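Fold and geometry: a report
What follows is each chain in one-letter form.
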Amino acid sequence: MVSLGAHQPPAALGASALPAQLPAPQQLPRELEQAEITAMLDCADLDTKIALSALLCGVGPQELLALTWKDVDSDTNTIRIGQPVPRSIQIAPEIAILWKALRRQKNGAPEDNLIGEAGAAPLNLSHLEALISYAAHDAALQHPADVTPWAVRHTFISYLVRQGVRFSEIARIVGTLPAEVTAAYGLMQPAGARPSIE
């Protein structure tokens, strides 16, 4: 007699033969509008302009704190990230020009961190959060407490996802995304095949 109850895996296969479920999508940070980004940049000091533009290129908040000017190649318009996911990020020529000008204004030596005082110890995460928060408040954004370094970076990632960029290519730019974060971004993707950006 055949049982119509719940299907159980054969004993020989064991429970490990069942497919793993992807985690539920994670709640994503606030996404900023273009006008909000522009307003923040207009109100920002030198360090905040560098921070905002780096986050909008896919640099993570912790990665940004470790970056020095020697990690920025102005000849090839790239940022070299060493940890936690080594990669090179291509930056727009406009950002490269902005960074050259900001570096001159800061008198930044190759070993100096991108943000912070020349020759000083690297800033910590709470300082970076404060820089972004100050810019959000100074720009009179609505709900400025929701504007964090992660929200700025999320805005860039969301843009790439909505353009239909493949997740494998997004990971080469922003680093590895956890499965639950990828699932959340997957809900934003347009239907259809994902063309390569190369």
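First, a word on what this report is: a plain description of the structure on this page. The shown structure was predicted, so the numbers you read here are calculated from the model rather than taken from an experiment.

**Remarks on the overall build of the chain**
- Along its length, the chain carries eight helices and three strands.
- In the chain, the succession of helices and strands from N to C terminus is α-α-α-β-β-β-α-α-α-α-α.
- Evaluated residue by residue, the chain yields a buried proportion of 40% over its 198 residues.
- Contacts spanning at least 24 positions in sequence make up 65% of the contacts within the chain whose residues lie at least 6 apart.
- Only carbon and sulfur atoms are counted for the fraction: they give 57% of the accessible area of the chain, which is about 11400 Å².

**Digging into the pattern of salt bridges**
- Inspection of every chain in the model, using the stated rule, returns six salt bridges.
- Here Asp-47 makes a salt bridge to Lys-106, at a shortest N to O gap of 2.3 Å. Taken together, the positions of Asp-47 in helix α2 (residues 46-55) and Lys-106 in helix α4 (residues 93-106) put the pair 59 residues apart, joining distant regions of the chain. The burial state of Asp-47 is the same as that of Lys-106; both residues are buried.
- Linking Glu-63 and Arg-87 is a salt bridge whose minimum nitrogen-to-oxygen distance equals 2.8 Å.

**Describing the nonpolar core**
- Counting 50 residues, the largest nonpolar core has Met-40, Leu-64, Trp-99, Ile-115 and Ile-132 as the members making the most contacts within it.
- Apart from residues lying up to four places away in sequence, Ile-115 is in contact with Asp-47, Ile-50, Ala-51, Leu-64, Leu-65, Lys-106, Leu-123, Leu-128 and Leu-131.

**Focus: the packing of helix α5 (residues 125-138) against helix α6 (residues 149-162)**
- Two numbers describe how α5 lies on α6: the axes approach to 8 Å, and their chain directions differ by 70°. Relative to α6, the element α5 lies roughly perpendicular. Note on element contacts: α6 touches α5 through Pro-149, Trp-150 and Val-152, opposite Leu-125, Leu-128, Glu-129 and Ile-132.
- Counted by class, the contact of α5 with α6 contains six nonpolar, no polar and one charged residues.

**Overview of the sheet that holds strand β3 (residues 87-90)**
- In space, the three strands of this open sheet follow the order β1-β2-β3, with antiparallel pairing throughout. Looking along the sheet, the strands with just one partner apiece sit at the ends: β1 (72-73) and β3.
- Two elements, β1 and strand β2 (residues 78-81), share two bridges in a ladder whose sense is antiparallel. If you follow Val-72 over to β2, its bridge partner there is Ile-79.

**Remarks on the environment of Thr-78**
- Within the secondary structure, Thr-78 is located in strand β2.
- In sequence terms Thr-78 and Ser-88 are ten residues apart; their C-alpha atoms lie 6.2 Å from each other.
- Residues contacting Thr-78, with those up to four places away along its chain left out, are Asp-71, Val-72, Asp-73, Ile-89, Gln-90 and Ile-91.
- Here Thr-76 takes part through its side chain, which lies 2.8 Å from a polar atom of the side chain of Thr-78.

**Section: the side chain of Asp-71**
- Here Asp-71 is to be found in the loop between α3 (61-66) and β1.
- It is Arg-80 that comes nearest to the buried, bridge-free Asp-71 among opposite-charge side chains, at 5.1 Å.
- Apart from the residues within four sequence positions on either side, Asp-71 is in contact with Ala-66, Thr-78, Ile-79 and Arg-80.

**Brief notes about the environment of Gly-116**
- Along the polypeptide, Gly-116 turns up in the loop between α4 and α5.
- The buried category is assigned to Gly-116, whose relative accessible area is 8%.
- When the C-alpha positions of Gly-116 and Leu-46 are compared, they lie 9.4 Å apart, and in sequence the two are 70 residues distant.
- In contact with Gly-116, not counting residues within four places along its chain, are Asp-47, Lys-106 and Leu-123.

**Regarding the packing of α2 against α5**
- Axis separation between α2 and α5 bottoms out at 10 Å; the angle between their running directions is 100°. Considering the angle they form, α2 stands roughly perpendicular to α5. Counted together, Asp-47, Thr-48, Ala-51, Leu-52 and Leu-55 of α2 and Leu-128, Leu-131, Ile-132 and Ala-135 of α5 form the full contact between these two elements.
- Among the residues making up the contact of α2 with α5, the classes are represented as seven nonpolar, one polar and one charged.

Definitions and cut-offs
Residues numbered from 1 in each chain as written. Predicted model: local features only at pLDDT ≥ 70, side-chain atom pairs only at ≥ 80, totals over all residues. Heavy atoms only, no water. Helix = DSSP H or I, 4+ residues; strand = E, 2+ residues; numbered from the N terminus. Buried < 20%, exposed > 50% of the residue type's maximum accessible area, 1.4 Å probe, protein only. Contact = heavy atoms within 4.5 Å. Areas by Shrake-Rupley, 256 points an atom, 1.4 Å probe, with all protein chains shown as cover. Salt bridge = Lys/Arg side-chain N within 4 Å of Asp/Glu carboxyl O. Core = buried A, V, L, I, M, F, W, Y, C linked by side-chain atoms within 4.5 Å. Axes fitted to C-alpha atoms, helices over the stretch in contact; angles between N-to-C directions. Parallel < 35°, antiparallel > 145°, perpendicular 65-115°, else oblique. Nonpolar A, V, L, I, M, F, W, Y, C, P; charged D, E, K, R; others polar. Pairing = 2+ DSSP bridges. Polar contact = N/O pair within 3.5 Å; in protein donor to acceptor, adjacent residues only side chain to side chain. Lys, Arg positive; Asp, Glu negative; His and termini not counted.

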